[in-house]
Amino acid sequence: MAGSTALTRGGRVRLDQPKAQRRRVLPEYDPEAFGRLSERVARFLGTGRFIVWMTLVIIVWLGWNITAPVYLRFDPYPFIFLTLVLSLQASYAAPLILLAQNRQDDRDRVTHEQERKQNERSIADTEYLTREIAALRIGLGEVATRDWIRSELQDLVREMAEQRLVPPSGPGDEPPAGRTETDR
């Protein structure tokens, strides 16, 4: 077969060949770059600087078209051209602001989802640690601690002293042979 088209003689599409590139009527653009530009414009439109500049332009526009000689005025009294310019500016500003808001909503949604997953992990970790602490407490309930052993030994010594198997120990008594006072 001559050439590498995606169509066979019968007009059927060949799946083992890449699609032929279509000619585009509209120019191609990077949506991410356009989105960043719209955010910058929307950020500027929401500042006091924009309001001041827009007010100055309108004052100069009105001042020129009221005070300039008649043959130099480009927008006489009903200021139709000024109205058209402001309408054009508003018609572009509104969609750019909406696009910027949509991008911000998307970022907020992703951030919210990440925070939700982090919270779920934190809750799972907390529940795991709670179960581990409970298991340790149960385990410690079955472990003989030093204080418990000491109290049991003291009880045994008292019982033996009552039965007169060992001499009662009291203050000033000598420790048994081989033990010192610090060993008690």
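Residues numbered from 1 in each chain as written. Predicted model: local features only at pLDDT ≥ 70, side-chain atom pairs only at ≥ 80, totals over all residues. Heavy atoms only, no water.

## Digging into the overall build of the protein chain
What counts here: Helix and strand assignments follow DSSP, with helices taken as H or I runs no shorter than four residues and strands as E runs no shorter than two, numbered in order from the N terminus. With a 1.4 Å probe rolled over the protein chains alone, any residue whose accessible area is under 20% of its type maximum counts as buried; one over 50% counts as exposed, and the rest are partly exposed. Residue exposure ignores everything except the shown protein chains as possible cover, and the areas themselves are Shrake-Rupley values with a 1.4 Å probe.
Helix and strand content of the protein chain: 4 helices and 0 strands. Going from N to C terminus, the protein chain has its helices and strands arranged as α-α-α-α. Taken across its 184 residues, the protein chain has 10% of its residues classed as buried. Here the protein chain has roughly 16700 Å² of accessible surface; of this, 61% comes from carbon and sulfur atoms.

## Description of helix H2 (residues 48-67)
Filter applied, for reference: Between the first and last residue of a helix there are one fewer steps than residues, each counted as 1.5 Å, and that sum is the expected span. Here, the arc refers to the directions that run from the helix axis to the C-beta atoms. Two residues qualify as a contact provided that any one of their heavy atoms is within 4.5 Å of a heavy atom in the partner residue.
Compared with an ideal rise of 1.5 Å per residue, which puts 20 residues at 28 Å, H2 spans 28 Å between its outermost C-alpha atoms and is within 8% of the ideal. Along H2, the residues that are buried comprise Phe50, Met54, Trp61 and Asn65. Buried residues of H2 fall within an arc of 30° about the axis and therefore sit on the same side. In H2, the exposed residues that point more than 90 degrees away from the buried face are Arg49, Ile59, Val60, Ile66 and Thr67. Looking at the buried side of H2, the elements it contacts are helix H1 (31-45) and helix H3 (80-142).

## A few points about the side chain of Asp75
This is how it is decided: Positive charge is attributed to Lys and Arg, negative charge to Asp and Glu, and no charge count is given to His or to the chain ends. When a carboxyl oxygen of Asp or Glu is within 4 Å of a side-chain nitrogen of Lys or Arg, the pair counts as a salt bridge.
Within the secondary structure, Asp75 sits in the loop between H2 and H3. The buried charged residue Asp75 lacks any salt bridge partner; its closest oppositely charged side chain belongs to Arg73, at an N-O distance of 11 Å.

## Comments concerning the packing of H2 against H3
Each pair of packed helices can be described by the angle between their axes along with the distance between the axes. For clarity, the cut-off: Simply put, an axis is a line fit to the C-alpha atoms, just over the touching stretch for a helix, and the angle between two N-to-C directions goes from 0 to 180 degrees. Angles below 35 degrees are treated as roughly parallel, those above 145 as roughly antiparallel, those between 65 and 115 as roughly perpendicular, and all remaining angles as oblique. Two helices crossing with the near one rotated counterclockwise from the far one by less than a right angle form a left-handed crossing, whereas a clockwise rotation gives a right-handed crossing. Note that Gly is not counted as nonpolar here; it falls among the polar residues with everything else outside the nonpolar set of Ala, Val, Leu, Ile, Met, Phe, Trp, Tyr, Cys and Pro and the charged set of Asp, Glu, Lys and Arg.
Where H2 meets H3, the closest approach of the two axes is 11 Å, and the angle between their N-to-C directions is 160°. By the angle between their axes, H2 is roughly antiparallel relative to H3. Handedness of the H2/H3 crossing: right-handed. Facing H2, whose interface residues are Phe50, Met54, Ile58, Trp61 and Leu62, H3 presents Phe81, Leu82, Val85, Leu86 and Gln89. Classifying every residue of the contact of H2 with H3 gives 9 nonpolar, 1 polar and no charged.

## A closer look at the packing of aromatic side chains
What counts, and what does not: Centres within 6.5 Å make a pair out of two Phe, Tyr or Trp rings, where for Trp the six-membered ring is used; the pair is then stacked when the planes are under 30 degrees apart, edge-to-face when over 60, and tilted otherwise.
Under the counting rule described, the total for this entry stands at 5 aromatic pairs. Ring geometry for Phe44 and Phe50: centres 5.6 Å apart, planes at 75°, overall edge-to-face. Using a relative accessible area of 35% as the deciding quantity, one classes Phe44 as partly exposed. On the accessibility criterion, Phe50 (15% relative accessible area) is buried. Here the aromatic cluster, defined as three or more aromatic residues joined through ring pairs, consists of Trp61, Phe74 and Phe81.

## Let's talk about the pattern of salt bridges
Taken as a whole and judged by the stated rule, the model has 9 salt bridges. Of the charged contacts, one joins Glu113 and Arg116 as a salt bridge, the two residues approaching to 2.4 Å between their closest N and O atoms. Taken together, the residues Glu113 and Arg116, both in helix H3 and 3 residues apart, mark about one turn of the helix. For Arg116, a relative accessible area of 34% corresponds to the partly exposed category. With a shortest N-O distance of 2.4 Å, Arg116 and Glu120 are connected by a salt bridge. Here Arg116 and its partner Glu120 are both found in helix H3, 4 residues apart, which amounts to about one turn of the helix.

## What about the packing of H1 against H3?
Remark: H1 packs on H3, axes separated minimally by 8 Å, with the N-to-C direction vectors making an angle of 110°. Viewed along their axes, H1 and H3 adopt a mutual orientation that is roughly perpendicular. For the crossing formed where H1 meets H3, the hand is left-handed. From H1, Glu32, Phe34, Gly35, Arg36, Ser38, Glu39, Val41, Ala42 and Leu45 reach across to H3, where they touch Gln89, Ala93, Leu96, Ile97, Leu99, Ala100, Arg103, Gln104 and Arg107. Of the residues contributing to the contact of H1 with H3, the split by class is 9 nonpolar, 4 polar and 5 charged.

Geometric values such as these leave the question of function open.
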